[in-house]
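Each chain is listed here by its residues.
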There are 2 protein chains.
Amino acid sequence: MERIVQKYGGSSVSTTEKIEAIAENIIATKGENTQMLVVVSAMGDTTDDYIGLAKKLSDDPDKRELDVLMSTGEMISASLLAISLNEQGQKAVSYNAYQLDIRTNGIHGKSQIKDIDVSKIEKKLEDGSIVIVTGFQGIDEIGDITTLGRGGSDTSAVALAVKLDARCEIYTDVDGIYSVDPRKYSDAHKLDEIEYEEMLELASSGAQVMHSRSIELAQKYGIELYVGRTLGKEKGTYIRGNSKMNIEGKVITGIATSDEDSAITLKEFKAENISGLFEDISVKGINVDMISQTAPIDGVVNVSFTIPKDEVRLIKGIIDKYIEAKNVVVDDEITKFSLVGLGMRDTYGVASKVFKIFNENDIALKMITTSEIRITCAINSKDKMTAIQKVAKEFDL
Amino acid sequence: MERIVQKYGGSSVSTTEKIEAIAENIIATKGENTQMLVVVSAMGDTTDDYIGLAKKLSDDPDKRELDVLMSTGEMISASLLAISLNEQGQKAVSYNAYQLDIRTNGIHGKSQIKDIDVSKIEKKLEDGSIVIVTGFQGIDEIGDITTLGRGGSDTSAVALAVKLDARCEIYTDVDGIYSVDPRKYSDAHKLDEIEYEEMLELASSGAQVMHSRSIELAQKYGIELYVGRTLGKEKGTYIRGNSKMNIEGKVITGIATSDEDSAITLKEFKAENISGLFEDISVKGINVDMISQTAPIDGVVNVSFTIPKDEVRLIKGIIDKYIEAKNVVVDDEITKFSLVGLGMRDTYGVASKVFKIFNENDIALKMITTSEIRITCAINSKDKMTAIQKVAKEFDL
């Protein structure tokens, strides 16, 4: 008996008509010899609508309660899909985070899944029911609802596939993984397959097709992921280890960009306070991504770092302890531009090629970080499209 | 330390502006020396909207899943109210049916509460937090969501007041309990107080201000209920035992009408099958209300009974076993017209007065049932307004 976990994103369940069509497709896929579990996101823009409601009541809504609010979106789509499946003669049952004890580490808004009790699921799968599970949500030790962060339903699906030893298919509103976002570079081509590590770097660098923690989890447990268009005819992309890609000799697999961060620059900052500053920031749970620092001169340095735009407000209270406001520069108009490719491991000169392109096109490089298979540059947002076009062309993406 | 349980209905929390105003009022009411728990219904027409969505997918949506869907409405309003209270500087936390183990008898769509674990609530009340609880919902023994039926949030509030030994205030969009629905009889007057039994008969006869099970529960545990307009200045109605009302010598306290039922008449029905028929009906969980039957002639009878309109479809399958379709008459155009008053216990002739009024006004009486303090007549719906006007005038309501 084969087992499949399918995940449908918000745009795939945005209307009852779409839910009905998905239900038909799920029943056809299940057939006689498959056990199926389906993870759903909230319908369409529901989550954003909820955040909008909460923001009418508070600029900074209580995080515990915001999680309660957002978690209802998946309960709605899950129950509607179960209703449609039942109506079409297929036994189906929906479960939420409580019912499966989807236990998380308890950080509101960005929890990580620790474990899932699949005993109820196993029983239902055995009796031929299709099991629908609310994505994006878990509960903490005292039973409070904790959500997994935007896109977290992917991670819910992979975690369930791991626990159930199932194949995992992620259905969305794009055909698969592209080397570059096709809305930004029309010559971009779809990848037939991509390695976990590359996908991970792309996802964490701003490619929004997949929740990056879902890739980590899939890699850790060796679960092959398939990403494709909901009800689409065209083949999507497989995410797996040891693909044949390197044989083709490509250095760069893809480009991702992100406009989600702001750059903070602290001028004439006391070098001795650097570690205290970043400890304070991490205690607040703020995600610092890129950091660059000048060498100390007379005990002071210039230090720049990027953080998510919506956490700028939080960080100001921390910085004030260390430095006068006149020495703080916040730049909201930056883009993180990342090149990812396993081939970088064995190839030199990728960075210098990028610098050359930037130089020729008057693109100012503000910060740079690298990993073994990724180069990320912070540039001015106005240069984003030029950078994508020129670099994608150079590396034949 | 005084304890108050307040319940706010759907129209009272239909917008974020209203939620904000309620939050202010709750904080003002709480002050220094009160512990407050607030039960909320779903915002505005949310529940109906959900049912509409489900009906697009199925004429008869799976009851378990419909309960999941509907239960999200109260989670949304509860979290938004908690967000607003927190924003206004008042610690507040929302809980749903899982978190409090609001355990029910497990009948989807019309469950009864068996018990509630208030340990989490007690802790939060002690530390000065306001506790918000989702009304209308519970969970069964295996953790499935079960709702309490329309208006069930009243019952949630009373059950919590019982467990917490608190006063209970029900806030809604009317000023209190009226002798007759003021939309139907403009001279109707608001009651300062009403006895449990009378309110119970009114509520179960169609007066939609209160969920009838909430009254039963309040009566059983001697909890005094207050019903009034949300943020209203005018005093509402107290529902209690041993009110002073009888001293005033009124026979009839109020009139209620209900258009929710259909009358089924079975002609030339075999008398020996009567008990089997009603057993089959009760096994299906269909609520039969009024029953009238002619004396048997040659072993056959005419039997009429009323059931909720939306269960007519269900009952047809049962009836078909016993009788040919040509002998079944379904009348959807009936109104149940009820007079309620503790004074009826000691006063004769109420029924005959009603018959006289009906007769004088050409109102056909189709069925009648009575309890010690209530008379209910099934009449044609077209005669409803006439019956209300004439009877209300006669009994000075």
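Calculation notes
- Residues numbered from 1 in each chain as written.
- Chains lettered and ligands numbered in written order.
- Predicted model: local features only at pLDDT ≥ 70, side-chain atom pairs only at ≥ 80, totals over all residues.
- Helix = DSSP H or I, 4+ residues; strand = E, 2+ residues; numbered from the N terminus.
- Rg over C-alpha atoms; globule rule 2.2 N^0.38 Å.
- Buried ≥ 20, exposed ≤ 12 C-beta atoms within 10 Å, placed from the backbone.
- Contact = placed C-beta atoms within 7 Å.
- Nonpolar A, V, L, I, M, F, W, Y, C, P; charged D, E, K, R; others polar.
- Pairing = 2+ DSSP bridges.
- Core = buried A, V, L, I, M, F, W, Y, C linked by C-beta atoms within 7 Å.
- Axes fitted to C-alpha atoms, helices over the stretch in contact; angles between N-to-C directions.
- Parallel < 35°, antiparallel > 145°, perpendicular 65-115°, else oblique.
- Left-handed = near helix turned anticlockwise from the far one by under 90°.
- Least-squares fit on C-alpha atoms with pLDDT ≥ 70 in both.
- Right-handed = clockwise from strand over helix to strand, strands pointing away.
- Expected span 1.5 Å × (residues − 1).
- pLDDT = per-residue confidence, 0-100.

Undergrad: Residues and numbers for the overall build of chain A, please.
TA: Secondary structure assignment for chain A yields 11 helices and 20 strands. Against the compact-globule benchmark of 21 Å for 397 residues, chain A has a radius of gyration of 23 Å, which places it among compact chains. Overall size of chain A, expressed as C-alpha extent along the three principal axes, is 75 × 50 × 35 Å. Considering chain A as a whole, with its 397 residues, one finds that 47% of them fall into the buried category. Of the contacts made within chain A by residues no fewer than 6 positions apart, 74% connect residues no fewer than 24 positions apart.

Undergrad: Explain the interface of chain B and chain A residue by residue, including any values.
TA: On the chain A side, the residues contacting the 28 residues of chain B number 28 residues. Elements with a contribution of two residues or more to the side of chain B that touches chain A: α1 (16-30), α2 (46-57) and α3 (63-87) of chain B. Ranked by residue count, the leading element in the side of chain B that touches chain A is α3(B), at 14 residues. A breakdown of the residues in the side of chain B that touches chain A according to their chemical character gives 14 nonpolar, 9 polar and 5 charged.

Undergrad: How would you summarise the pairing of strand β6 (residues 130-134) of chain A if you had to cite specific residues and measurements?
TA: Residue and element names in this part refer to chain A. Summarising burial for β6: 5 of the 5 residues are buried, a large majority. Burial of β6 is two-sided: the residues Ile130, Ile132 and Thr134 facing one way and the residues Val131 and Val133 facing the other way are all buried. When strand β2 (residues 34-40) meets β6, the two strands line up parallel, connected through 4 bridges. Bridging from a neighbouring strand, Leu37 pairs with Val131 of β6.

Undergrad: So, the environment of Leu160(B): which residues are in play, and what are the values?
TA: On the secondary structure map, Leu160(B) appears in helix α5 (residues 152-164). A tally of 25 C-beta atoms within 10 Å means that Leu160(B) is categorised as buried.

Undergrad: Tell me what's going on with the nonpolar core, and back it up with residues and numbers.
TA: Ranked by size, the top nonpolar core spans 222 residues in total, and within it Leu37(A), Leu81(A), Leu37(B) and Leu81(B) carry the most contacts. Leaving out residues up to four positions away in the same chain, Leu81(B) has contacts with Val13(B), Ile19(B), Ile22(B), Ala23(B), Val38(B), Val40(B) and Ile132(B).

Undergrad: Give a detailed account of the sheet that holds strand β6 (residues 130-134) of chain B, specifying residues and quantitative values.
TA: Residues and elements named next belong to chain B. With respect to topology, 8 strands assemble into an open sheet ordered β3-β6-β2-β1-β9-β11-β12-β10, the strand pairing being mixed. In this open sheet, the two strands that pair with only one neighbour each are β3 (92-95) and β10 (193-195). For this sheet the average axis-to-axis angle between neighbouring strands, irrespective of direction, equals 20 degrees. With respect to the sheet, α1 is in contact with β1 (2-8), β2 (34-40) and β6, its orientation differing from that of β2 by roughly 155 degrees. Packed on one face of the sheet, α5 meets β1, β2, β6, β9 (167-172) and β11 (225-229) and runs near 170 degrees to β1.

Undergrad: Break down unusual backbone geometry for me, with residues and values.
TA: Residues and elements named next belong to chain B. With phi around 55 degrees, Asp165 is a residue other than glycine that occupies positive phi space. Structurally, Asp165 can be placed in the loop between α5 and β9. Look at Asp165 and you get exposed, because 9 C-beta atoms sit within 10 Å. We note that Asp396 has phi near 55 degrees; this positive angle belongs to a residue other than glycine. Inspection of the secondary structure puts Asp396 in the segment after α11 (384-394).

Undergrad: Give me the lowdown on the packing of α5(B) against helix α7 (residues 212-221) of chain B, citing residues and values where you can.
TA: Helix packing for two helices is described by the angle between their axes and how far apart those axes are. Residues and elements named next belong to chain B. Remark: α5 packs on α7, axes separated minimally by 8 Å, with the N-to-C direction vectors making an angle of 15 degrees. In terms of orientation, α5 and α7 fall into the roughly parallel class. Note on packing geometry: the crossing formed by α5 with α7 is left-handed. Between α5 and α7, the residues in contact are Asp154, Thr155, Ala157, Val158, Ala159 and Val162 and Arg213, Ser214, Leu217, Ala218 and Tyr221, respectively. Of the residues that constitute the contact of α5 with α7, the class distribution is 7 nonpolar, 2 polar and 2 charged.

Undergrad: Pulling in residues and values, what's your account of the sheet that holds strand β13 (residues 254-258) of chain A?
TA: Residues and elements named next belong to chain A. The strand order β13-β18-β20-β19 describes an open sheet built from 4 strands, whose pairing is antiparallel. In this open sheet, the two strands that pair with only one neighbour each are β13 and β19 (365-371). Across the sheet, the axes of successive neighbouring strands diverge by a mean angle of 20 degrees, strand direction being ignored. Both β19 and strand β20 (residues 374-380) contribute to a ladder of 6 bridges, which runs antiparallel.

Undergrad: Describe the packing of helix α10 (residues 350-360) of chain B against α11(B), and please don't skip the residues or the numbers.
TA: Residues and elements named next belong to chain B. It is the contact of α10 with α11, at a shortest axis distance of 10 Å, that shows an interaxial angle of 135 degrees. The angle between α10 and α11 places the two elements in the oblique class. Note on packing geometry: the crossing formed by α10 with α11 is right-handed. For the pair α10 and α11, the contacting residues are Lys353, Val354 and Ile357 in the first and Lys390, Val391 and Glu394 in the second.

Undergrad: With reference to specific residues and values, describe the relation of the copies chain B and chain A.
TA: Each copy superposes on the other: chain B lies on chain A with an RMSD of 0.1 Å after a rotation of 180 degrees and an axial shift of 0.0 Å. These values place the two chain copies in the arrangement generated by a two-fold rotation axis. Distance from the rotation axis, computed per C-alpha, reaches its smallest value in chain B at Thr72(B): 2.8 Å. Mapped onto chain A, 100% of the interface residues of chain B again fall at the interface, so both copies present the same surface.

Undergrad: Talk me through the environment of Val328(B); I want residue IDs and the actual numbers.
TA: Residues and elements named next belong to chain B. Structurally, the position occupied by Val328 is in strand β17 (residues 328-331). On the basis of neighbour counts, which here come to 17 C-beta atoms within 10 Å, the residue Val328 falls in the partly exposed class. Here the alpha-carbon distance between Val328 and Ile130, two residues 198 residues apart in the chain, equals 55 Å. Each residue touching Val328, except ones within four places of it in the same chain, is listed here: Ile264, Leu266, Ile319 and Ile323.

Undergrad: Can you lay out the pairing of β1(B) for me, pointing to particular residues and giving the numbers?
TA: Residue and element names in this part refer to chain B. Where β1 meets β2, 7 bridges bridge the pair, whose relative direction is parallel. In the strand pairing of β2, Lys7 is matched with Val39. For the handedness criterion, the β-α-β arrangement of β1, α1 and β2 is classed as right-handed. Pairing between β1 and β9: 5 bridges, direction parallel.

Undergrad: Just give me the short version of helix α3 (residues 63-87) of chain A, but keep the residues and values in it.
TA: Residue and element names in this part refer to chain A. Here α3 contains 25 residues, and its C-alpha end-to-end distance of 37 Å stays within 8% of the 36 Å for a straight helix at 1.5 Å per residue. Counting buried positions over the 25 residues of α3 gives 22, a clear majority of the element. Downstream of α3 by one or two residues, Gly89 has phi in the positive range, about 85 degrees.

Undergrad: Pulling in residues and values, what's your account of the environment of Asp67(B)?
TA: Residue and element names in this part refer to chain B. Inspection of the secondary structure assignment puts Asp67 in helix α3. In the structure, Asp67 is positioned 81 residues away from Leu148 in sequence and 9.3 Å away in space, judged by C-alpha atoms. Discounting chain neighbours no more than four positions away, the residues touching Asp67 are His108, Gly109, Ile145, Thr146 and Thr147.

Undergrad: With reference to specific residues and values, describe the confidence of the model for chain A.
TA: Of all residues in chain A, 98% have pLDDT values of 70 or greater, and the mean over the chain is 91. Note on the complex model: pTM 0.82, ipTM 0.80.

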